[in-house]
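Structural overview for review
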Amino acid sequence: GIGSQNQAHHSASPAIMADEEGAQTPVTPLPPPGEEMDVDDDGSDEESGSEAESMGADSDDETAEYDETRPPEEQLMDFAYCAIKIVNCDFLSEFGAAEPFVIDGDSLVAHALTEPLLTRGGAAQSLHVVHVVESILSAMTKRGANFQVFFFEGNSALWDRMGPTACAMRELVMNHLLMANAQREARKEPAVARLHVLRGAWWSAQEDWEELLDKVGPAYVMTDFGWGGAKDASVMALTRAFVHFLHHTHIQVVTLADLEMDGSHNMSNNMQPPLQPSSRDKFAKGIQKLTENAKSMLAGDASTPPPPVAAAAGSDVRFPIAVAALKLAVASGAGGALAPDVAAAACLAVSLSQTLPLAERSFPVPPAALDAWTAGAGKWPKAVEDFMVAYHAGIAAVLRSPGSSAAMKASVGKDSPMTVADVVDGRFVLMIIAKSLAGGISPLPPAASGAAQKLFGEVCAGDSRVAGKKPTAGDDGAAASTALITAVLAEAKSRREEKPKQCLLPMQGKDLLKAVQNEMSSRLAKYEDTTYDHSKLVLGKYRDKRYKDVEPIGDEPDPLSYKVGDDTVTFKKANKWNNAARQAQLKARYASGYIDSLLLGTPVNRQVIAQPMTAEQFEERKKKAIAAIETDAEAARRLARKGATPAAGPSAKDDKKDKKDKK
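Residues numbered from 1 in each chain as written. Predicted model: local features only at pLDDT ≥ 70, side-chain atom pairs only at ≥ 80, totals over all residues. Heavy atoms only, no water.

Details of the overall build of the protein
Within the protein, the secondary structure is distributed over 24 helices and twelve strands. Looking at the protein as a whole, 40% of its 663 residues are labelled buried. (Helix = DSSP H or I, 4+ residues; strand = E, 2+ residues; numbered from the N terminus. Buried < 20%, exposed > 50% of the residue type's maximum accessible area, 1.4 Å probe, protein only.)

Here's the deal with helix H19 (residues 478-497)
Between its first and last C-alpha, H19 extends 29 Å over 20 residues, near the 28 Å set by a 1.5 Å rise per residue. For H19, the full list of buried residues reads Ala-478, Ala-480, Ser-481, Leu-484, Ile-485, Val-488 and Ala-492. Buried residues of H19, seen end-on, are gathered within an arc of 165° and therefore sit on one face of the element. Exposed side chains of H19 directed beyond 90 degrees from the buried face belong to Ala-479 and Glu-497. Taken together, the buried residues of H19 touch helix H14 (367-376) and helix H17 (426-437). (Expected span 1.5 Å × (residues − 1). Arc of directions from axis to C-beta. Contact = heavy atoms within 4.5 Å.)

Some thoughts on the packing of helix H13 (residues 339-352) against helix H18 (residues 446-459)
Running from N to C, H13 and H18 cross one another at 135°; their axes reach a closest spacing of 8 Å. Here H18 runs oblique to H13, going by the angle between their axes. Along this stretch, H13 crosses H18, giving a crossing that reads as right-handed. Here H13 contributes Pro-340, Ala-343, Ala-344, Cys-347, Leu-348, Val-350, Ser-351 and Leu-352 to the contact with H18, which in turn contributes Ala-448, Ala-451, Ala-452, Leu-455, Phe-456 and Val-459. Within the contact of H13 with H18, the residues separate by chemical class into 13 nonpolar, one polar and no charged. (Axes fitted to C-alpha atoms, helices over the stretch in contact; angles between N-to-C directions. Parallel < 35°, antiparallel > 145°, perpendicular 65-115°, else oblique. Left-handed = near helix turned anticlockwise from the far one by under 90°. Nonpolar A, V, L, I, M, F, W, Y, C, P; charged D, E, K, R; others polar.)

Examining the packing of aromatic side chains
All told, the structure shown has 16 aromatic pairs when counted by the stated rule. Between Phe-95 and Tyr-220, the ring centres sit 4.5 Å apart and the planes meet at 40°, which makes this aromatic pair tilted. Separated by 125 residues along the polypeptide, Phe-95 in the loop between helix H3 (91-94) and strand E6 (100-104) and Tyr-220 in strand E9 (residues 220-223) bring together distant segments of the chain. With respect to burial, Phe-95 and Tyr-220 carry one shared label: buried. Among the aromatic side chains, those forming a connected cluster through ring pairs are Phe-150, Phe-152, Trp-202, Trp-203, Trp-209, Phe-242 and Phe-245. (Phe/Tyr/Trp six-rings, centres within 6.5 Å; stacked < 30°, edge-to-face > 60°.)

Digging into the environment of Arg-187
With respect to the helices, strands and loops of the structure, Arg-187 is situated in the loop between helix H7 (164-186) and strand E8 (195-198). Under the relative-accessibility criterion, Arg-187 is labelled partly exposed at 37%. Put simply, Arg-187 and Gly-413 are 226 residues apart on the chain and 8.4 Å apart in space, counted from C-alpha to C-alpha. When residues no more than four places from it in sequence are discounted, the contact partners of Arg-187 are Lys-414 and Asp-415.

Thoughts on the confidence of the model for the protein
Chain-level statistics for the protein give a pLDDT mean of 79 and a share of 75% at 70 or above. Note on residues 1-59: pLDDT under 50 across the span, and 97 contacts to partners over four residues away in sequence or across chains. Contacts for the low-pLDDT stretch residues 541-550, under 50 throughout, to residues beyond four places or in other chains number 16 contacts. (pLDDT = per-residue confidence, 0-100.)

Put into structure tokens, the structure is as follows:
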């Protein structure tokens, strides 16, 4: 029922095509398979009779006429409310778990960035974002979902308006999946998730997109009706328009924002395409106008990209990415005079993350302590935030550079470390700066200190600063940094010593009942009538017809315990369905099934192997058993006196009797 349109012709004409003069014009989509389209001599298309009949009064176009004077994003939203049907369903069951579908990787990363437990801004951590993305993909894989992931290269123009940190996270997630698949391929193992990086975008060159549809044949596309966390109105309008673009080509949409996977239930919202071709044409006009208005924004950044990442075979790619991005951050001037100190801390963080376990760089920073450090550390908080944001922008620029992804994929071997997901750890950098301001970090492992100084020498050539030492830019922030470190240590200690919370309520007593009722009896006491006399309850005219020993609350009829009125007898022609024998057979079957359900489906009565006995019955059975044993023993002794045993077989007399019987 829900997937009535998912068998659509995926290779139909796109929503927007360019004519010979380069102007974009909406194209009427082809009909779904199984339906034919009549073409008149003048080239106009008419719906076949079967399709016209199937669209009755209930499916008439309810959308308003397209208005050239109104903003297209407003009209598209109005059209969506009128023409798009949204159904909450278990999409793996409704469409079929084996049916292939594709996931919009850009929407997936945007959805992961809305996770409330993530750290924002300069203290962001890329490993957490990758974990959220991988958790969603892993949950679908465990449930047998047949999916592939795609990214549009042209969406970089939209990510630029999402902020530098979001851009860096998107590039890191995409390259992490590419490198993980390359390592799986080297090991002759299946891919983590089949990934496609498509050239262009859905509003421009669509050759790769159409090739993906022809190759996969998806039953639906998993994306979002507007990226999660997008605050820019243009980004929200264009990402919503992608759903309308899919609907114009008869493709179903399942949303990521409403995804809930609990056990065997995989619930989300299914946005179904409009039924009327006229509605889809109005959507196409709105999309065309919207993309024309955003033409300058969608053109992207025309600046010269930085050199690609120089990754050696089997090396840790964090080092070349960090060096290239830190150079861009220092050159941008972010952080002012404190930029070299923050860059030194970032180099030390990259160096230590190579050997330091995750448990030893997981710092529980209380929000109140971080706010106090921001207010009392002078110029350091703003400098750190500005520089780290510029660092994230540098990471995005380096990874977008042509040739970076190919170079990193080529460096992957069977045993190469997969560390591209752990490039950004802003909280670790923050704690290194706080510790340096509080007096410096000592002692440092010689290998880590030497690697950090080597990285810093490449970023800031000729600078004499030492990573981990107390900065010489003044003592402002020393007291606030000491207080921050003390608060982090106290929080970490309290978490280690905290006893596990009791998750289950004990079944003894009435703890569970009290938790459910929540002292309901005390709250309802004032509404009780303590002077009510229950003996004055009168059943009325139905009392004589009742045969149960229960009394109703009032004088209402109870059709389950007595008969009201006379039975109506209807005489029908006898056949195999309504004759008396057939009805009696059905009633007996229903009664038997009902009785079996009562006997087999009652968990209160436990199955008893031996019947319960009283003490007197037990003693009586014991005496009988002892007497039987004594009788058998006496019979054995008597047979022994006669020279026979119970196992000796039949006697001679019995043999003669058997022979006589045979004759």
